[in-house]
Amino acid sequence: MISSTQQLAETVDSTEAFVSVFDERFETTLSDGRTVELVEGGSEVQLTPERVPEWTELVLQARLGESVLPTEMIRAGVAAVVPLSMLELFTWQQVRGLVCGASVIDLEVLKASTVYIQLSEAAPRVVHFWRALEDFTQEELRMFLRFVCGRSRIPRNAKKLPQSLKIEAAKGGAGASDEKDRARQQDAALPTARTCFSLLFLPDFSSWEVAASRLRYAIRNCVALDGDFVTRDDLEL
């Protein structure tokens, strides 16, 4: 809005023309929805082209000032755990890595952290599963990790996850008329997860391509934890 206001002020040839397009007062709306006056009685002070620079500066001060108290509270919280003088030894990128973990998901770390339930590492569905993850982008791997574990990063320089990733055979296909019908049912199934236990229920997909497709659908459409089940309507199967 600031940019468009400045451009309009530079192009109009009269105050009347400016006000007819941009009827603004010396006030602004903060992130919490409150409207505050930028000057005393600002709600009654009409913005004119000549005062746009002043108005712009006041809006920026008001909006940037919103973060002062939250930032100070975060600083105090960090200081209660780590001496602030220690942080001067690190760049902000290093601090982020130490606090938040690594954003690059290493498949070898996931494999080393995995425990199989009612399955073996050589089971076809497991082989298809890992081949599917090899085809994932880093963004998709982070989405997968969040889908299963409720987190999108792994500890920095970790060899294993703090909590094992568990893969269990998903139930299904019991009522199938034959093996072909069972395979069709399994390929139509979706993987599910219990994030509290980092547990993935994996259907017996017939190929890694099918596994990749069904995993992608699951991680993109279910972005909640366990039973919260919030779906995304902007993605198609």
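For the structure, see preceding data.
None of these values were measured; they are calculated from a predicted model.

**Thoughts on the nonpolar core**
Here's step 1: Within the largest apolar cluster, 35 residues are counted, with the highest numbers of intra-cluster contacts made by Phe-129, Leu-133 and Phe-144.
Here's step 2: Those elements that provide at least two residues to this core are helix H7 (107–112), helix H8 (124–134), helix H9 (138–149), strand S4 (165–169), strand S6 (199–202) and helix H11 (208–221).
Here's step 3: The leading source of residues in this core is H9, at seven residues.
Here's step 4: Look past the residues within four positions of Phe-144 in its chain and what remains in contact with it is Phe-129, Leu-133, Phe-136, Leu-200, Leu-215 and Ile-219.
Here's step 5: Grouped together as the second largest cluster of nonpolar side chains are nine residues, Phe-18, Leu-38, Leu-47 and Val-52 included.

**A word on the pairing of strand S3 (residues 114–117)**
Here's step 1: What you see with S3 is a clean split: Thr-114 and Tyr-116 sit on the buried side and Val-115 and Ile-117 on the side with no burial.
Here's step 2: Summarising the sheet, S3 and S4 pair through four bridges and their orientation is parallel. Across the sheet, the residue bridging to Thr-114 is Leu-165, located in S4.

**Focus on the pattern of salt bridges**
Here's step 1: Summed over all chains, the structure comprises twelve salt bridges.
Here's step 2: In this structure, Glu-66 and Arg-63 form a salt bridge, with 2.6 Å as the shortest nitrogen-oxygen distance.
Here's step 3: On the accessibility criterion, Glu-66 (24% relative accessible area) is partly exposed.
Here's step 4: One salt-bridge network, in which partners are shared between bridges, spans Asp-135, Glu-140, Arg-216 and Arg-220.

**Digging into the pairing of S4**
Here's step 1: S4 sits mainly inside the fold: four of its five residues count as buried.
Here's step 2: In this sheet, S6 lies alongside S4 in parallel orientation, the contact comprising four bridges. Within the sheet, the bridge partner assigned to Glu-168 lies in S6 and is Phe-201.

Each value, and the rule that gives it
Residues numbered from 1 in each chain as written. Predicted model: local features only at pLDDT ≥ 70, side-chain atom pairs only at ≥ 80, totals over all residues. Heavy atoms only, no water. Core = buried A, V, L, I, M, F, W, Y, C linked by side-chain atoms within 4.5 Å. Buried < 20%, exposed > 50% of the residue type's maximum accessible area, 1.4 Å probe, protein only. Helix = DSSP H or I, 4+ residues; strand = E, 2+ residues; numbered from the N terminus. Contact = heavy atoms within 4.5 Å. Pairing = 2+ DSSP bridges. Salt bridge = Lys/Arg side-chain N within 4 Å of Asp/Glu carboxyl O.

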